[in-house]
Amino acid sequence: MLVIGEATQLREMISYWRKEGDSIGLVPTMGFLHEGHLSLVSAARKQNKKVIVSIFVNPLQFGPNEDFDTYPRNAERDVELLDKAGCDVIFMPDARTFYGNSFQSHVEVENLSKILIGEFRPGHFRGVTTVCAKLFNIVMPDRVYFGQKDFQQVAVIRQMVHDLNFPLEINMLPIVREPSGLAMSSRNALLTSEQKQQATALSAAVKTGNETFENGVHDARLIEAAARKVIEQHAPGFTIAYVVVVDAKTLSLVLDKAKDSDVLLVEAYADKVRLYDNIVLSN
Ligand code: AMP
């Protein structure tokens, strides 16, 4: 396994692979890897001849008062885990050389980026789509892999890939959870043990929401209310950002009755740590 920091060096490697006819899978990450990330690597491993994992805490997607500086990092451990997982190349660029001094171009998915998480984190998705567009142009992967945990992120990137004709396939993999139900996240490391215990309320909430749907209650507002109650009761220290049933593609609020494939999205935060969970409703 190679660790590469320069885009030009990575391009050379990739053009060699391309001449050999090798397919390429890309897994973009911000590092501090856990089983959720490794499930994406394992899916990429099965479907492609070569697997590239990028590790880059992207400054563009953090707001001025967000946790860029405290975002957990452990490059050495990440390299070990990826070596074991059968990754071919880790792309670990330095932010200054990656963007360069004169950087001034951005990619923005206008509407999907402004709602839900975008309402609380203005500019966040603009940073995500810009870094993904750069990574897609550098790597030119056949397939890219994202986690359902960041459901809105996948919807935003799908829209960008469609709108701008990136010739690649997007794969969304299921949420990997701790035994407690808590969705694995690098940011869980920033929680106190009490917050981590309360955070399990998010997964319990989406589970309850889906059970409500399964039991024949299809009114979207009642599904949301059932889920919200679980967070209010079990995570009194958390602030709820939203609990909503939305259309899976447009992420617009389901106004009346929910149907299979609609998504229950929840976001709550403890101090400054933002936590997400979701479930695709199914009977
Ligand atoms: P991050 O390093 O948090 O930017 O995440 C990199 C990728 O891993 C994103 O596509 C995430 O959605 C995905 N991911 C993060 N946590 C999980 C999880 N618990 N299960 C599955 N995928 C995840």
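Residues numbered from 1 in each chain as written. Predicted model: local features only at pLDDT ≥ 70, side-chain atom pairs only at ≥ 80, totals over all residues. Heavy atoms only, no water.

(A) The sheet that holds strand 2 (residues 24-29), seen in detail. Judged by pairing direction, the sheet is parallel, and its 6 strands sit side by side in the order 1-4-3-2-5-6 without closing on themselves. In this open sheet, the two edge strands, each paired with only one partner strand, are strand 1 (2-4) and strand 6 (169-173). This sheet shows a mean twist of 25° between the axes of neighbouring strands, independent of strand direction. Pairing geometry for strand 3 (residues 50-55) and strand 4 (residues 89-91), over 3 bridges, is parallel. Opposite S54, over in strand 4, you have F91 as the bridge partner. Contacting strand 1, strand 2, strand 3 and strand 4, helix 1 (residues 7-19) runs over the sheet at an angle of about 150° to strand 4. Across the sheet, helix 2 (residues 35-47) lies against strand 2, strand 3, strand 5 (143-147) and strand 6, angled at about 155° from strand 5, the strand it touches most. (Pairing = 2+ DSSP bridges. Helix = DSSP H or I, 4+ residues; strand = E, 2+ residues; numbered from the N terminus. Axes fitted to C-alpha atoms, helices over the stretch in contact; angles between N-to-C directions. Contact = heavy atoms within 4.5 Å.)

(B) Looking closely at unusual backbone geometry. A positive phi angle, near 50°, is found at L116, a position not held by glycine. Locating L116 in the fold gives a position in the loop between helix 4 (95-99) and helix 5 (117-120). Even without being a glycine, N165 presents a positive backbone phi close to 55°. As for its position among the elements, N165 is in the loop between helix 7 (151-163) and strand 6.

(C) Geometry of the pattern of salt bridges. The final tally for this structure, using the stated rule, is 15 salt bridges. A salt bridge links K207 to E211, with the shortest nitrogen-to-oxygen separation between them at 4.0 Å. Remark: E211 and K207 occur in helix 8 (residues 193-214); sequence separation between them is 4 residues, near one turn of the helix. Classification of E211 as partly exposed rests on a relative accessible area of 34%. Between E267 and R274 there is a salt bridge, with the nearest N and O atoms lying 2.5 Å from each other. (Salt bridge = Lys/Arg side-chain N within 4 Å of Asp/Glu carboxyl O. Buried < 20%, exposed > 50% of the residue type's maximum accessible area, 1.4 Å probe, protein only.)

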